[in-house]
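If you want the building blocks of each chain, they are given just below.
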Amino acid sequence: MRTLNPRLPVGLTRLVWPLATLGLLAMFGAASATAQDHAGQYEQANIEFGARLYGANCVRCHGEGGAEVPGIDLSTGSYARAESDPELMQLIRTGIPGTAMPPNDFSASELTGIVSYLRTMRDFDLSAVTLGDAARGQTLFSGKGACASCHRVRGQGPRTAPDLTAIGATRTAANLKNAMLDPTGSMIAVNRPVRAVLGDGTVINGRRLNEDTYTIQLIDENERLRSFDKADLRELAAVTTSPMPPATDALNEQEIGDVLAYLLTLKGMD
Ligand code: HEC
Ligand code: HEC
């Protein structure tokens, strides 16, 4: 009996694309409002991340309050040169040629953060920022939080859970916070663990690496690569509860903020 959800992406290349699309949709979906929309639309974790990026990249010209460049008040939340959020992201990415406004090499999650902050900065109190310290977060990730006992980062750690090396570039701050607080509720389809039952009754729990119509490749709990003909399996199912414990089991609120800040620094191998 095969119960695998047929809508799950198959094939490694086909696995990457839906994931990228999903991420982008989630980002633009979360920040696709125009200036007329209100603050409630932007997620707190994204606003906090954006506030931090604003402090590091924009304050020196635009000032804390956003009104230091003559004729421009960023805190109004609406801009002469960019109406929609995608337009505003584009402007921040390319800068304004011929003016002092520089281009910026931000990832999609960083752009979501900055736009979320700009749109709400009038109402947002910088002193309320709770995003923590990335260096402390890194220590907690491999120590008290035990994240490194399941997750791999930059070639270190097991392959039984998703590799987080570039997670800060592909997920927004709000996505990551949800993933930590509510692993099952925020689990995306490609990350669902699978359970396979062989002809002799042996049960294999693992993480799907690749799949086509006739075969499936898994990493099992002992980190071994396993490949099966689906016809030989008695059962194949995607599991809907996450094996990941909620971060609140091991960490307090401030520590979760620290780990979140660390995850946001993970943008790939470089
Ligand atoms: C080196 C100085 C400088 C830095 C750094 C800078 N800006 Fe600007 N920015 C400007 C100037 C000057 C303008 C106005 C350009 C013009 O219209 O002549 C501007 C314009 C803008 C506008 C257009 C406003 C409108 O009404 O159309 C936005 C939005 C903006 N900046 C956002 C940002 C953000 C976000 C950052 C940080 C990631 C940033 N800027 C960093 C100098 C800067
Ligand atoms: C017992 C193993 C285990 C531990 C411990 C664990 N995770 Fe996970 N994590 C997983 C698995 C399996 C998934 C994939 C299923 C899911 O999304 O819940 C996952 C998913 C995630 C995701 C979502 C990845 C994505 O592609 O969106 C993030 C972020 C994450 N974990 C971060 C953490 C952090 C931070 C910690 C430590 C506080 C941690 N995990 C601890 C097993 C674990």
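The rules behind the values
Residues numbered from 1 in each chain as written. Chains lettered and ligands numbered in written order. Predicted model: local features only at pLDDT ≥ 70, side-chain atom pairs only at ≥ 80, totals over all residues. Heavy atoms only, no water. Helix = DSSP H or I, 4+ residues; strand = E, 2+ residues; numbered from the N terminus. Buried < 20%, exposed > 50% of the residue type's maximum accessible area, 1.4 Å probe, protein only. Contact = heavy atoms within 4.5 Å. Areas by Shrake-Rupley, 256 points an atom, 1.4 Å probe, with all protein chains shown as cover. Donors = N, O, S within 2.8 Å, 3.2 Å for Na, K, Ca; no water. Tetrahedral: all angles 85-135°; square planar, octahedral: opposite > 155°, others 65-115°. Core = buried A, V, L, I, M, F, W, Y, C linked by side-chain atoms within 4.5 Å. Near = heavy atom within 4 Å. Polar contact = N/O pair within 3.5 Å; in protein donor to acceptor, adjacent residues only side chain to side chain. Nonpolar A, V, L, I, M, F, W, Y, C, P; charged D, E, K, R; others polar.

Here we take up the overall build of the protein. Scanning the protein for helices and strands turns up nine helices and five strands. Counting all 270 residues of the protein, 42% fall into the buried class. In the protein, 64% of the contacts between residues at least 6 apart in sequence involve partners at least 24 apart. Accessible surface computed for the protein: about 14,300 Å², of which carbon and sulfur atoms make up 54%.

Now for the coordination of the iron atom of ligand 2. Distances from the iron atom of ligand 2 to its protein donors, H151 (NE2) and M244 (SD), fall at 2.0 to 2.1 Å. Each of the six donor atoms bound to the iron atom of ligand 2 contributes to angles spanning 86 to 179°, and the resulting shape is octahedral. Of this pair, H151 sits in the loop between helix 6 (134-142) and helix 7 (167-170) while M244 is found in the loop between strand 5 (233-238) and helix 9 (253-263), placing the two residues 93 residues apart along the sequence. Judged by its relative accessible area of 12%, H151 falls in the buried class.

Here the focus is the nonpolar core. Nonpolar side chains in soluble globular proteins tend to end up buried together. Among the nonpolar cores identified, the biggest contains 45 residues, and I92, L118, F141 and L263 are the most heavily contacted of them. Those elements that place two or more of their residues in this core are helix 2 (44-57), helix 4 (85-94), helix 5 (108-120), helix 6, helix 8 (173-181) and helix 9. Those residues in contact with L118, other than ones at most four positions away along the chain, are Y54, L74, G77, Y79, L88 and I92. Of all hydrophobic cores here, the second largest spans nine residues; its members include L198, I204, F228 and L233.

Moving on: the coordination of the iron atom of ligand 1. In the first shell of the iron atom of ligand 1, the protein supplies H62 (NE2) and M101 (SD), at 2.0 to 2.1 Å from the metal. Bound by six donor atoms, the iron atom of ligand 1 shows angles of 87 to 179° at the metal and therefore octahedral coordination geometry. Of this pair, H62 sits in helix 3 (residues 59-62) while M101 sits in the loop between helix 4 and helix 5, and the two are 39 residues apart along the sequence.

Bringing the site of ligand 1 into the picture now. Neighbouring ligand 1 are 23 residues; C58, C61, H62, R81 and M101 lie closest to it. A distance of 3.1 Å is found between an oxygen atom of ligand 1 and a backbone nitrogen or oxygen belonging to A80. A distance of 2.9 Å is found between an oxygen atom of ligand 1 and a side-chain nitrogen or oxygen belonging to R81. Going through the elements one at a time, helix 3, helix 4 and helix 5 are the ones with two or more residues in the shell around ligand 1. Partitioned by chemical class, the residues of the shell around ligand 1 number 17 nonpolar, four polar and two charged.

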